[in-house]
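Here are the chains, one letter per residue:
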Amino acid sequence: MSTLITNIAELTTNVPTGDDITGTLTDAAVLIEGERIAWVGPAADAPEADEVVDAAGRAVIPGFVDSHSHLVFGGDRAVEFEARMAGQKYAAGGIRSTVAATRAATDDELRARLRGFLDEMLAQGTTTVEIKSGYGLSVADEERLVRLAAEVTPEVTFLGAHVVPAEYADRPDEYVDLVVGPMLDACAPHSKWIDVFCETGAFTVPQSRRVLEAGIARGLVPRVHASQLGPGEGVRLAVELGAASIDHGTYLTDADIDALAGSDTVLTLLPGVEFSTRQPYPNARRLIDAGVTVALACDTNPGSSFTSSMPFCIAVAVRDMGMTPDEAVWAATAGGAKALRRDDVGVIAAGAKADLVLLAAPTRIHLAYRPGVPLVRTVWKDGTAIG
């Protein structure tokens, strides 16, 4: 089965041409065959297909690649959000309340909620998603979280080192022993990545190094939560260990930025977190101008960023983080793909996965220009149209 999407006013391919990172084509068409893109080019030169979809002068972009989420959890933290809006400061310890609710939930309850979040994301244009554990914090519960995540995505991250659970509050090094031993043994078979929250109130740099190096020894690739609550050494540790991504980066020093710019490590910014915690927004303009590769992700979680909308994150990144619309859309697609070390998503090119979004707008600029408006008209996931 082949499908031709034609009469596209603005096609964002993310195949760079000169200084244009978006690889924009006008009056374009895309041919889908099965689950892959077979051809991209001018509409006037388009080949025949079994089915023709008229984009009617609208824009088409790659499906969003959300490279940071926490979708497997129980409970709700709306009261905590309300308290923050009244002036209470965000702290890492709130994670423990979600741990208790997650441990109490059944597999079927967690699975149903996970599916609901994925449906939300797909309706808003997200076609690739990474999912972390981190709300079980016991061997059995962390294993089931990564197992459930692996049912829906290959991009599964073991985050047993999210925070020290209450039962180990006075014995953090013993908890790290558990993470790098029995917990890693149980979770590695279901995981592709290993992550750690290297932050005050969570894990120290030496503890984080132990976790990451143990994961690397098991064939997992590191990712790091760092510099969310204040400056620290997590960024330089992540770069040293070849992490695919450092996530948050709210408080970065000049040395951190230099280290990132000279590495292959992506900095994944999470605008929903700053929106929901009232922390200062990272200066994406400073990062991009320094040569840092930037991705955008939702960080969907019940505590600090309960949004599943990449269009919302794009709008916030443009409004409050100094990104241009082109940069923000690239970061939410190709940038996310780089954070996952993927070259088959986040791009519209022959051979790539047929993950595309038809917008109810003539240009991608409208994603920031019309915040809060449902502009996703049709999503193609693995070549199948949805919506």
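Residues numbered from 1 in each chain as written. Predicted model: local features only at pLDDT ≥ 70, side-chain atom pairs only at ≥ 80, totals over all residues. Heavy atoms only, no water.

Moving on to the side chain of Thr 268. With respect to the secondary-structure elements, Thr 268 resides in strand β13 (residues 266–269). Setting aside chain neighbours within four positions, we find Thr 268 in contact with Ser 67, Ser 245, Ile 246, Asp 247, His 248, Ala 295, Leu 296, Ala 297 and Ala 339. (Helix = DSSP H or I, 4+ residues; strand = E, 2+ residues; numbered from the N terminus. Contact = heavy atoms within 4.5 Å.)

Time to look at the packing of helix α4 (residues 139–150) against helix α5 (residues 172–187). The contact between α4 and α5 brings their axes to 9 Å, and the two run at 40°. In terms of their interaxial angle, α4 and α5 are classed as oblique. With respect to the hand of their crossing, α4 and α5 are arranged in right-handed fashion. Contact residues: Val 139, Glu 142, Glu 143 and Val 146 in α4; Leu 178, Pro 182, Met 183, Ala 186 and Cys 187 in α5. For the contact of α4 with α5, the per-class residue count stands at 7 nonpolar, no polar and 2 charged. (Axes fitted to C-alpha atoms, helices over the stretch in contact; angles between N-to-C directions. Parallel < 35°, antiparallel > 145°, perpendicular 65-115°, else oblique. Left-handed = near helix turned anticlockwise from the far one by under 90°. Nonpolar A, V, L, I, M, F, W, Y, C, P; charged D, E, K, R; others polar.)

A few words now on the pairing of strand β2 (residues 25–33). Moving residue by residue along a regular strand, the side chains alternate between the two faces of the sheet. Where strand β1 (residues 2–11) lies against β2, 7 bridges are found, and the strand directions are antiparallel. From the neighbouring strand, Ile 8 faces β2, where its bridge partner is Ala 28. Examined bridge by bridge, β2 and strand β3 (residues 36–42) share 6 bridges and lie antiparallel to one another. From the neighbouring strand, Glu 33 faces β3, where its bridge partner is Arg 36. (Pairing = 2+ DSSP bridges.)

When you line up the elements, Arg 319 lands in helix α11 (residues 310–320). For Arg 319, a relative accessible area of 63% gives the class exposed. It is 9.4 Å that separates the C-alpha atoms of Arg 319 and Tyr 369, two residues lying 50 residues apart in sequence. (Buried < 20%, exposed > 50% of the residue type's maximum accessible area, 1.4 Å probe, protein only.)

Another point: the packing of aromatic side chains. Applying the stated criterion across every chain yields a total of 7 aromatic pairs. Judged by centre distance (5.4 Å) and plane angle (55°), the ring pair of Tyr 168 and Tyr 175 falls under tilted. Assessed through its relative accessible area of 18%, Tyr 168 is described here as buried. An aromatic cluster is defined as three or more aromatic residues linked by ring pairs; in this entry it consists of Phe 73, Phe 117, Tyr 135 and Phe 306. The positively charged end of Arg 223 is found above the aromatic ring belonging to Trp 193, 4.4 Å away from the centroid. (Phe/Tyr/Trp six-rings, centres within 6.5 Å; stacked < 30°, edge-to-face > 60°. Lys NZ or Arg CZ within 6 Å of the ring centre and 35° of its normal.)

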